[in-house]
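# Secondary and tertiary structure notes
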Amino acid sequence: MTQTEDKAMLSIEDTPLVPIEKVVALSKRRGFVYPNSEIYGGVSGIYDFGPLGVELRNNIRRFWWWSMVQLNDNVLGIEGSIITHPRVWEASGHVENFVDRLVDCKKCKRRFRVDHLPAENLEQNKCPVCGGELTEPRVFNLMMETYIGVVEGERMKTYLRGEACQNIYLDYDNVLKSSRIQIPFGICQIGKAFRNEVTPGNFLFRQREFEQWDLQFFVHPSEMQKWFDYWKEYRFEWYKSIINHKDRLRFRAHGPDELAHYAKQAFDIEYKSILGWQEWEGIHWRQDWDLSRHSQYSGQDLSYTDPETKERYIPWIVETSGGVDRTFLNLLLDAYEEEPPSGKDKEGRTVLHLHPWLAPIKVAVLPLQKNKEELVTTAKGIHNRLKRLMVAQYDDVANIGRRYRRQDEIGTPFCVTVDFQTLEDQTVTVRERDGMTQIRLAIDELPGYLVEKVTWK
Ligand code: GAP
């Protein structure tokens, strides 16, 4: 599979872990991410995405969809609703089990998740910050409530989905019947999920509104191990293919005390950043939990009959569940570098070594000078041609060095410069972001050259 090949990937020197504040500042300054409702003081754990952020998100989503749905003949996609029947969340176990246990410090009033407290603080009932006494644990449900209907007294309480994958189980039977696909097969979805996280934080890492991608792969129980191993490896390679620091990726098996209520086994794919080793995606052995529970709660038979053997059974499920936002954050943390002045760039620069497939802007077209009409006209002509194929930007403000640095900082993999030689021989300079190398190319060769470099295949 081509996604696992690193041929289009960069090879940058190992760089120090990036403080999250650097990425937060860049995100706001250059229009990747803004705090939500900022003019009203903001809402903790909720963010908006700016012009560059939305391009990056779209590329991340598209690459996931391409490699999960488009490349796999036995995987189909759906897009489910955010609001469902409230019984869904009773059947799923979320109403009962989707809880955080919290303690408060009586002295400094800080609040902690019990599962995040160091063992010694838990044993001694002592605040890890000020040493004050902690309260007894209290249980908080993470589901966000909402109401359907307008007439008071007839409104139905339900929930914004706490995990996006529930729609896949709800649509499983419809997909089976409408597509004539057979087990083993998978259903994919990308969509928003909502959790009343008690301790949102670390920028996009833990939010209250976020986006998940899921594969739910339905198998015969006898083939569960095979497919679990297969998708676990596939997803690991997927993440590896989009980062620079391959050694910052690992698996971590869940211990029995940390398994979610639906999982019999789980592995996290973890990425190491300034936040330490943290979950990026979960690979879950959900077995028959979901379809059995929805059969039981809905009264509908969700078992499957094998068309050849006529065996009837509840399919088991392998889940791979990751986050668009966490991918966004990890990619920025992985790609960010402040390069000191060097022979190639005397002022030094901030550069985002984003994979060319994912970079929000693929190419910037720059006339060497903006007061030379022929340069500007030619550059605008090239820009008009390229923007039909990929996200391209025209920029003629400031000297060429500053314009290169502006593009480096947002991860644009290629800059095309129109200079005086262009007017003589219809060639341009193509500057590549990471090595700052330059080649000369005929204008007519540009579209093919760039498409080859910036699209996945
Ligand atoms: N359906 C399984 C499920 O929801 P999860 O481990 O709770 O499993 C899957 O979530 C992924 O969703 C995580 O690996 C993470 O990437 C993302 N995620 C979970 N909670 C998040 C939050 N509060 N903010 C941002 N992303 C989150």
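Every value quoted in this text rests on a predicted model; they were computed, and no experiment measured them. Residue positions are given per chain, counted from 1 along the sequence in the order it is written. Reporting in this predicted model follows two pLDDT cut-offs: at least 70 for local features of residues, and 80 or more for side-chain atom pairs to be given and counted; totals over whole chains, interfaces and linings ignore these cut-offs and use all residues. Values reported for side chains reflect all heavy atoms of the structure, with hydrogen atoms and water molecules removed beforehand.

## A few points about the packing of aromatic side chains
A pair of Phe, Tyr and Trp rings is counted when the ring centres sit within 6.5 Å of each other, with Trp represented by its six-membered ring. The angle between the planes then sorts it: under 30 degrees is stacked, over 60 is edge-to-face, the rest tilted. Counted according to the given criterion, the structure contains 29 aromatic pairs. Between F63 and W66, the aromatic rings sit 5.8 Å apart at their centres with planes inclined by 20°, giving stacked as the arrangement. A residue pair is termed a helical-turn pair when its members lie 3 or 4 positions apart in one helix, as F63 and W66 do in helix α2 (residues 51–70) at 3 residues. Here the aromatic rings of Y172 and F185 are separated by 6.3 Å at their centres, their planes lie at 10°, and the arrangement is stacked. Strands here are runs of E lasting at least two residues and helices are runs of H or I lasting at least four, both read from the DSSP assignment and numbered beginning at the N terminus.

## Looking at the side chain of T320
Considering the arrangement of structural elements, one finds T320 in strand β16 (residues 316–323). Here a residue-residue contact requires only that any non-hydrogen atoms of the pair lie within 4.5 Å. In this structure T320 touches M68, W213, D214, L215, W231, R235, E281, G282 and I283, once residues within four positions along its chain are discounted.

## Regarding the sheet that holds strand β22 (residues 427–432)
Reading across the sheet, the 5 strands line up as β20-β19-β21-β22-β23 and stay open at both edges, with mixed pairing between neighbours. Of all strands in the sheet, those with a lone pairing partner are β20 (392–394) and β23 (438–442), marking the two edges. The mean inter-strand angle of the sheet, taken between neighbouring strand axes irrespective of direction, is 25°. Where strand β19 (residues 363–367) meets strand β21 (residues 414–418), 5 bridges bridge the pair, whose relative direction is parallel. By the convention used here, strands pair only if DSSP detects at least 2 bridges between them. Convention adopted: a line fitted to C-alpha atoms gives each axis, helices being fitted over their contacting stretch, and angles between N-to-C directions are expressed from 0 to 180 degrees.

## Some words on the pairing of strand β4 (residues 99–104)
The pairing of β4 with strand β6 (residues 138–141) spans 4 bridges and is classified as antiparallel. In the strand pairing of β6, R101 is matched with V139. With 3 bridges joining them, β4 and strand β5 (residues 111–113) adopt antiparallel strand pairing. Bridge pairing in β5 places V103 opposite F112.

## What to know about the sheet that holds strand β13 (residues 276–287)
If you walk across this open sheet you meet the 7 strands as β3-β9-β10-β16-β13-β12-β11, and the pairing is mixed. The sheet terminates laterally at β3 (75–77) and β11 (249–253), the two strands that pair on one side only. Going across the sheet, the axis of each strand differs from the next one's by a mean of 25°, ignoring polarity. Relative to β13, strand β12 (residues 265–273) runs antiparallel, the two sharing 9 bridges. Bridging from a neighbouring strand, I269 pairs with E281 of β13. Taken strand by strand, helix α6 (residues 166–179) contacts β3, β9 (185–194), β10 (209–219), β13 and β16, and its axis lies near 145° from that of β9. Against the sheet, helix α8 (residues 289–298) touches β10, β13 and β16, its axis set at about 55° to β13.

## Focus on the site of the ligand
Proximity criterion: a residue is near a molecule or strand once any of its heavy atoms comes within 4 Å of it. Close contacts around the ligand come from 22 residues, with E163, Q207, E279, W280 and E319 the closest. We call two N or O atoms a polar contact when they sit within 3.5 Å, provided that within protein one can donate a hydrogen and the other can accept it, with sequence-adjacent residues counted only if both atoms are side-chain atoms. Q207 places a polar main-chain atom, nitrogen or oxygen, 2.8 Å from a nitrogen atom of the ligand. The separation between an oxygen atom of the ligand and a polar side-chain atom of E279 is 2.6 Å. Here the accessible surface of atoms and residues is derived via Shrake-Rupley with a 1.4 Å probe, and residues count as covered only by protein chains that are part of the display. For the ligand, the accessible surface in isolation is 550 Å², of which the surrounding protein chains cover 94%.

## Considerations on the confidence of the model for the protein chain
The pLDDT value tells you how sure the predictor is about a given residue, anywhere from 0 up to 100. Of all residues in the protein chain, 97% attain a pLDDT of 70 or more, and the chain-wide mean is 94. This model gives residues 1–11 a pLDDT under 50, and the stretch forms 29 contacts once residues within four places in sequence are excluded.

## Observations concerning empty space enclosed by the protein
Unfilled space is identified by rolling a water-sized probe across the atoms. Here a cavity is any set of points on a 1 Å grid over the protein atoms alone where a 1.4 Å probe fits but cannot get out, and a pocket is any open set with protein on both sides within 12 Å along at least 5 of 7 lines; a residue lines the site when it has an atom within 4 Å of a point. Grid points are joined across faces, edges and corners, and a volume is the space filled by probe spheres set on the points. In this structure the tally under the stated criterion is 1 cavity of 30 Å³ or more. Here the largest cavity defines a volume of roughly 40 Å³. Every residue along the wall of the largest cavity is listed here: L17, V18, R248, Y271, K272, S273, I274, L333 and D334. Contributing elements (two or more residues each) for the lining of the largest cavity: β12 and α9 (324–335). The dominant element in the lining of the largest cavity, judged by the number of residues it contributes, is β12, at 3 residues.

## A look at the pattern of salt bridges
For this document, the term salt bridge refers to a Lys or Arg side-chain nitrogen within 4 Å of an Asp or Glu carboxyl oxygen. Inspection of the entire model under this criterion finds 35 salt bridges. In this structure, R235 engages E281 in a salt bridge whose closest nitrogen and oxygen atoms are separated by 2.7 Å. Taken as a pair, R235 in helix α7 (residues 224–241) and E281 in strand β13 lie far apart in primary sequence, 46 residues in all. Of the two residues, R235 and E281, both sit in the buried class. Only protein chains enter the calculation, and the probe is 1.4 Å; a residue is then buried if its accessible area is under 20% of its type maximum, exposed if over 50%, and partly exposed in between.

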